Amino acid sequence: MKLIKFSVLALTLSFACFNANAQTADDIIKKNIEANGGMENWKKVKSVKMSGSINAQGQEIQITRTVVQDKASRMDMTIAGMANYQIITDKEGWAYFPIGGQTKPEAMTADDVKQSADELDVQGPLVNYKEKGNTVTLIGKDDIEGTECYKLKVTFKSGKEATLCIDASSYYLIRETAKIKANGKETEQTMNFSNYKKLPEGVTMPMTMSMDMGEMTFKSIEINPTIDESIFKPKN
């Protein structure tokens, strides 16, 4: 009888320890936001301007990304001396790439605009995710080049899906893998994040992002700069 009692006690203690150590998606989201500067600081971020470059196959491409929360995003790229850009708003989008032979801005399809809606969120998909219409599920743990991480599956309001890998120690986002639809085809894109820096406004952001096409390094990130919203209208 004592053996049975001790076995039950051992199981009870083991279960209690498991519950104490178990992490939920909301636990991980909370720690990620805290690591990146805290909810209050992120709620104040309404726009951002990021300047840097992409090293693609030995060629350096100058880039500037400008975003106004929930309204519009613009990516400018100087390639071989030519100015290229992509604009996305909450209703429409345009692409102008003279490097590819375009002579005027071309409208994006409604589906491509919808799939790019998350680019208008400067705060990221985890800040107030429920209010944004996103759902987040903890789908397990993984090891990325020796770094233990939690895997969160995010389903955006648009229906787009992404897997976020959160460092189990620092709680920084270190990898995002997203399913993207473009021109009727679905592809998978992976982006790695590193070189986190705390900005004067109290938020922390990655200064380096790497993907298949090359490594993107930001030299400066401005939070809540004054933005002339006429830049979100296409011009040759």
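Each remark here, short or long, concerns the structure printed above.
Definitions and limits used
Residues numbered from 1 in each chain as written. Predicted model: local features only at pLDDT ≥ 70, side-chain atom pairs only at ≥ 80, totals over all residues. Heavy atoms only, no water. Salt bridge = Lys/Arg side-chain N within 4 Å of Asp/Glu carboxyl O. Buried < 20%, exposed > 50% of the residue type's maximum accessible area, 1.4 Å probe, protein only. Pairing = 2+ DSSP bridges. Helix = DSSP H or I, 4+ residues; strand = E, 2+ residues; numbered from the N terminus. Disulfide = S-S within 2.5 Å. Phe/Tyr/Trp six-rings, centres within 6.5 Å; stacked < 30°, edge-to-face > 60°. Lys NZ or Arg CZ within 6 Å of the ring centre and 35° of its normal.

Another aspect to go through is the pattern of salt bridges. Scanning the model with the defined rule gives 8 salt bridges in all. Between Lys-91 and Asp-90 there is a salt bridge whose closest N-O contact spans 3.4 Å. On the accessibility criterion, Asp-90 (48% relative accessible area) is partly exposed.

Right, let's talk about the pairing of strand S8 (residues 147-155) for a bit. Two strands pair when backbone bridges link them, and strand S7 (residues 135-144) and S8 are joined in this way by 9 bridges, in the antiparallel orientation. Considered in S8, the bridge of Asp-143 is made with Glu-148. The loop that links S7 with its antiparallel partner S8 comprises 2 residues; one of these, Glu-145, has a positive phi angle of about 50°. Sheet topology places S8 next to strand S9 (residues 161-167); 7 bridges connect them, and they run antiparallel. In the sheet register, Val-154 faces S9, and the bridge partner there is Ala-162. From the end of S8 to the start of S9, which pair antiparallel, there are 5 residues, and Gly-159 there has a positive phi angle of about 100°.

A word on the state of the cysteines. Applying the stated criterion across every chain yields a total of 0 disulfides. Distance from the sulfur of Cys-149, which forms no disulfide, to the nearest cysteine sulfur (Cys-165) is 4.2 Å.

Looking now at the packing of aromatic side chains. Per the stated rule, a full pass over the model turns up 3 aromatic pairs. Aromatic side chains Tyr-85 and Tyr-96 sit 5.4 Å apart centroid to centroid with 55° between the ring planes, which places their arrangement in the tilted category. Taken together, the residues span a long stretch of sequence, with Tyr-85 in strand S4 (residues 82-89) and Tyr-96 in strand S5 (residues 93-96) at a distance of 11 residues. Judged by relative accessible area, which is 12%, Tyr-96 ranks as buried. Measuring from centroid to centroid gives 4.1 Å for Tyr-172 and Tyr-196, while their planes differ by 5°, and the two rings are stacked. Placement of the pair is Tyr-172 in the loop between S9 and strand S10 (173-182) and Tyr-196 in strand S11 (residues 185-198), with a sequence separation of 24 residues. Judged by relative accessible area, which is 25%, Tyr-172 ranks as partly exposed. Over the ring of Phe-156 we find Lys-160, and its NZ or CZ is 5.8 Å from the ring centre.

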